[in-house]
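What the coordinates show
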Amino acid sequence: GQQVMQIPQYQHVQEGEDFTTYCNSSTTLSNIQWYKQRPGGHPVFLIQLVKSGEVKKQKRLTFQFGEAKKNSSLHITATQTTDVGTYFCAAPGGATNKLIFGTGTLLAVQP
Amino acid sequence: DAMVIQNPRYQVTQFGKPVTLSCSQTLNHNVMYWYQQKSSQAPKLLFHYYDKDFNNEADTPDNFQSRRPNTSFCFLDIRSPGLGDAAMYLCATSRTGNSNQPQHFGDGTRLSIL
C-alpha cells in the first residue's frame, strides 16, 4: 500500500536555527496536507498544497510541493520554542482514498 | 465555538471488557473519522462515516466497530480490548469526503488496558 515517509524522524535545534522536514511518496499525489501536533495535543491542520511546484508561506513557515508531486517539504525559519511538536504530512491513499499520515518529524527547540 | 469533542479524555478498561468511546461535533460536517495513534507514531485511520455510509479500512481489526446515530455523534466500540489496543483514539471531521478537505480533530481519548 501507499506509504508516505518523512525525514528526519527527530530534529533538535537551538532556538533561532532553521528547520526542514521532508515528505516522500512512492506514488504521485493529488494533494498533500501538513499538520502540527503539539506534545499531548491533537493534529492541527496547517496547509494544503495541490499544484505541482507550489510554494506557500505562513509567516516563518514555507511549504513546497515537488514538481513531480511525489514529495513535499516544510521549512521553518528562525525556530521558536512555540514551534515544538510533531509535523505530519498527509496525503490521500488507502482503501477509501482518505488521508494517510506520514511518519512524522518531531521537532525539539532548545531555548 | 464549533468544535469536535471527545469523551472521556482518559479511559481505563479491563482486558476483554467492551468499551465505547464517543465523539460529537458542532461543525455539521458530513464526514467523521476514527484514528488510532500509538506513542511516537502517526495517526492510523480505522474507518470513517460519510453521512450514514460506513467505510472500513482494509486492515482495521474486526474487534473495532463504529456507530453514527446522527450527524453530530459517532462512537467507537472495541468489543474485546487487548493490551495492544492501548492507544490514543482521535476523532476527526471534514466538511465533505473529498481528499482535499482539511480535517478537524478532537482532543482524543487515551485508552489504557489493565
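These numbers were taken from a predicted model, which means no experiment stands behind them. Residue numbering note: each chain is counted from 1, following its sequence as written. All chains are assigned letters beginning with A, and all ligands numbers beginning with 1, in the order in which they are written. Local features in this predicted model are restricted to residues of pLDDT 70 or higher, and side-chain atom pairs are both shown and tallied only at a pLDDT of 80 or more, whereas totals for entire chains, interfaces and linings draw on every residue. Hydrogens and waters are ignored; side-chain quantities use all the structure's heavy atoms.

Considerations on unusual backbone geometry
P8(A) follows I7(A) through a cis peptide bond whose omega is -5°. Within the secondary structure, P8(A) sits in the loop between strand 1 (4-7) and strand 2 (10-14). The omega torsion across N7(B) and P8(B) is -10°, close enough to zero to call that bond cis. A helix here means a DSSP run of H or I that spans at least four residues, while a strand means a run of E at least two residues long, and both kinds are numbered starting from the N terminus. By secondary structure assignment, the location of P8(B) is in the loop between strand 1 (4-7) and strand 2 (10-13).

Thoughts on the packing of aromatic side chains
Centre distance within 6.5 Å is the pairing criterion for rings of Phe, Tyr and Trp, where only the six-membered ring of Trp is used; planes under 30 degrees apart are then read as stacked, over 60 as edge-to-face, and the remainder as tilted. Under the definition given, this model contains 14 aromatic pairs over all chains. Geometrically, the ring pair formed by Y35(A) and F105(B) is edge-to-face, given 6.0 Å between the ring centres and 85° between the ring planes. Here Y35(A), found in strand 4 (residues 32-37), pairs with F105(B), found in strand 10 (residues 104-105), and the two come from separate chains. Accessibility assignment for this pair places Y35(A) and F105(B) in one class, buried. Chaining the aromatic ring pairs together yields one cluster made of Y35(A), F45(A), F88(A), F101(A), Y33(B), Y35(B) and F105(B). Classification of residues uses two cut-offs on accessible area relative to the type maximum, computed with a 1.4 Å probe and protein chains only: under 20% is buried, over 50% is exposed, and between them is partly exposed.

Points about the pairing of strand 1 of chain B
All names here are of chain B. Residues V4 and Q6 line the buried face of strand 1, whereas the alternating positions I5 and N7 sit on a face that is not buried. Two strands make a pair as long as DSSP finds a minimum of two bridges between them. Relative to strand 3 (residues 19-25), strand 1 runs antiparallel, the two sharing 4 bridges. Within the sheet, the bridge partner assigned to V4 lies in strand 3 and is Q25.

Some words on the sheet that holds strand 7 (residues 64-67) of chain B
All names here are of chain B. Spatially, the 4 strands line up as an open sheet ordered 1-3-8-7, and their pairing is antiparallel. Where the open sheet ends on each side, the last strands, each with one partner, are strand 1 and strand 7. Neighbour-to-neighbour, the strand axes of this sheet turn through a mean angle of 20°, independent of strand direction. Alignment of strand 7 against strand 8 (residues 73-78), held across 4 bridges, turns out to be antiparallel. Directly across from R67, in strand 8, lies its bridge partner F75. For every element, the axis is a line fit to its C-alpha atoms; helices are fit only across the contacting stretch, and the angle between N-to-C directions ranges from 0 to 180 degrees.

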